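# Report on the structure
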Amino acid sequence: MSEPTDPTSESQPAEPARPRRRLSRRALLGGAGAGAAALAAGGVGIAIGSADSGSSSSSGAGDHVVPFDGEHQAGIATAAQDRLHFAAFDVVSDRREDVAGLLRAWTEAARRMTAGRPPGPANAVELAPPDDTGEAFGLTAARLTVTIGFGPSLFDGRFGLAARRPAALRDLPALPGDELDGARSGGDLCVQACADDPQVAFHAVRNLARIARGTAVIRWSQLGFGRTSSTSRAQDTPRNLMGFKDGTNNLKAEDRAALAESVWVGGEAPDWMRGGTYLVARRIRMLIEVWDRASLGDQEQTFGRHKVSGAPFGGRAEFDAVDPARLPADSHVRLARPESNGGAALLRRGYSFTDGLDDQLGQLDAGLFFISFQRDPDAFVKVQSSLARDALNEYIKHVGSAVFAVPGGTQPGGYVGQPLFA
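Residues numbered from 1 in each chain as written. Predicted model: local features only at pLDDT ≥ 70, side-chain atom pairs only at ≥ 80, totals over all residues. Heavy atoms only, no water.

## Description of the pairing of strand β1 (residues 83–91)
Quick note on the threshold: Note on classification: 1.4 Å probe, protein chains only; a residue is buried when its accessible area is under 20% of the maximum for its type, exposed when over 50%, partly exposed between these limits. Helix and strand definitions here come from DSSP, where helices need a minimum of 4 consecutive H or I residues and strands a minimum of 2 consecutive E residues; each element is numbered from the N-terminal end. A strand pair is defined by DSSP finding two or more bridges across the two strands.
In terms of residue burial, β1 counts as a mostly covered element, since eight of its nine residues are buried. Both β1 and strand β3 (residues 189–195) contribute to a ladder of seven bridges, which runs antiparallel. Bridge pairing links alanine 87 to valine 191 in β3. Bridge count for β1 against strand β4 (residues 216–227) is nine bridges, and the pairing is antiparallel.

## So, the packing of helix α2 (residues 96–113) against helix α3 (residues 198–212)
Convention followed: Throughout, an axis means a line fitted to C-alpha atoms (over the contacting stretch in the case of helices), and angles, computed between N-to-C directions, take values from 0 to 180 degrees. An angle below 35 degrees is treated as roughly parallel, one above 145 as roughly antiparallel, one from 65 to 115 as roughly perpendicular, and anything else as oblique. Handedness of a crossing follows from how the near helix is turned relative to the far one, being left-handed for an anticlockwise turn of less than a right angle and right-handed for a clockwise one. Any two residues whose heavy atoms approach within 4.5 Å are treated as being in contact. Ten residues, namely Ala, Val, Leu, Ile, Met, Phe, Trp, Tyr, Cys and Pro, are considered nonpolar, four, namely Asp, Glu, Lys and Arg, are considered charged, and the remaining ones, Gly among them, are considered polar.
Where α2 contacts α3, the two axes come as close as 10 Å, and the packing angle between them is 150°. For the element pair α2 / α3, the angle class is roughly antiparallel. For the pair α2 and α3, the sense of crossing is right-handed. Counting all contacts with α2, which are made through Leu102, Ala105, Trp106, Ala109 and Met113, the residues of α3 involved are His203, Ala204, Asn207, Leu208, Ile211 and Ala212. Across the contact of α2 with α3, the residue classes break down as nine nonpolar, two polar and no charged.

## A word on the pairing of strand β9 (residues 396–406)
Counting buried residues along β9, 10 of its 11 residues qualify, which places the element largely inside the surrounding structure. Across 10 bridges, the pairing between strand β5 (residues 277–286) and β9 is antiparallel. Note on β9: the bridge partner recorded for alanine 281 is alanine 402.

## Quick word on the environment of glutamine 374
Stated precisely, the cut-off is as follows: The definition of a polar contact used here is a pair of N or O atoms within 3.5 Å, where within protein one atom must be able to donate a hydrogen and the other to accept one, and adjacent residues in sequence count solely through side-chain atom pairs.
For glutamine 374, the location among the structural elements is in strand β8 (residues 364–374). On a C-alpha basis, the gap between glutamine 374 and alanine 344 in space is 9.0 Å, while along the polypeptide they are 30 residues apart. For glutamine 374, the residues in contact, after removing those within four places along its chain, are Ser262, Val263, Thr277, Tyr278, Leu279, Val280, Ala345, Leu346, Ala379 and Phe380. Among the polar contacts listed, one links the side chain of glutamine 374 to the side chain of serine 372, at a separation of 2.7 Å.

Have a look at this one:
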């Protein structure tokens, strides 16, 4: 990755065409690498401000850079970018100092890459592998954020951390719609890389995985395109692969009081988690072919919203107040709203995905890679438990699941999780 260029000289990408051929993970990466982004289903990026405010600016060299350091890790309340590469890692070393060393190296590399620079000093030795894989040379930082989290299994006793595990950090219980694949679930560590350029996000995870060799290996990963939630009032509400506006009433970065109440961890957690949050990731397969045979009326009854306008039943526009009395009892909107779940509110940050065709019926393996941030994972459990009666369950299944503690942000020179290992 080169030094950041003048963002005012970069033209906006054209609206991508719909793919007409069989899609595979290789094809997705290939299209992203060529800049075509054939699978994208979202808009262009917006200007950014500070890592935790979601505020925007309209000009200047910072338009493509989200600061890595701050009170909270970037990539949470940051205005959601259009592309995602998420990876969960298993630690293969049994040495605590190796884990701390990896987090130190990851932080420094992420600090550089989010600023539009290579992940490490240039290596000019011809007989040694280069220190940068090179696919991001000449690209801007593209609002790259790198967010790092710790899974419950990191505290299993291998590294002397068991006594420091937060009470809230535990594997999720069995939930409605679960058909989980263990190979797509769990992990000791996670990296969430979001950017407005798919190649920049891929480059970040690829290089962090390279740095981790000998200490940690990728357990599973997921590419995402087309954000499915807005995390700032400056963003339009996107549509999911079912064609409905998703996350209309999501928490927004501007709602600082709501974030403090529902997202950021406070005095109930160990000191090393103050200012942090908990990440829940769910790979939700949509049964696209079944959904596409449902009538428009059935689809709208399932969500409790009108498909084209996004308005809730009884309303005329997307952001009109939801009247539960006008909604079907098993509609998604009625069951997912905080008022139906004891006030439990989530900061959603999911992405659409497609991974070609499945091996059983030759149907699209596509859906929603759901990500939410909350002060306690129990908030997600409450919402998901309420969705046991959700009419949407006829068209989806949850095939992957993970939960991670995301520590607070860093100061220059520090590293993610340093208070835990110090």
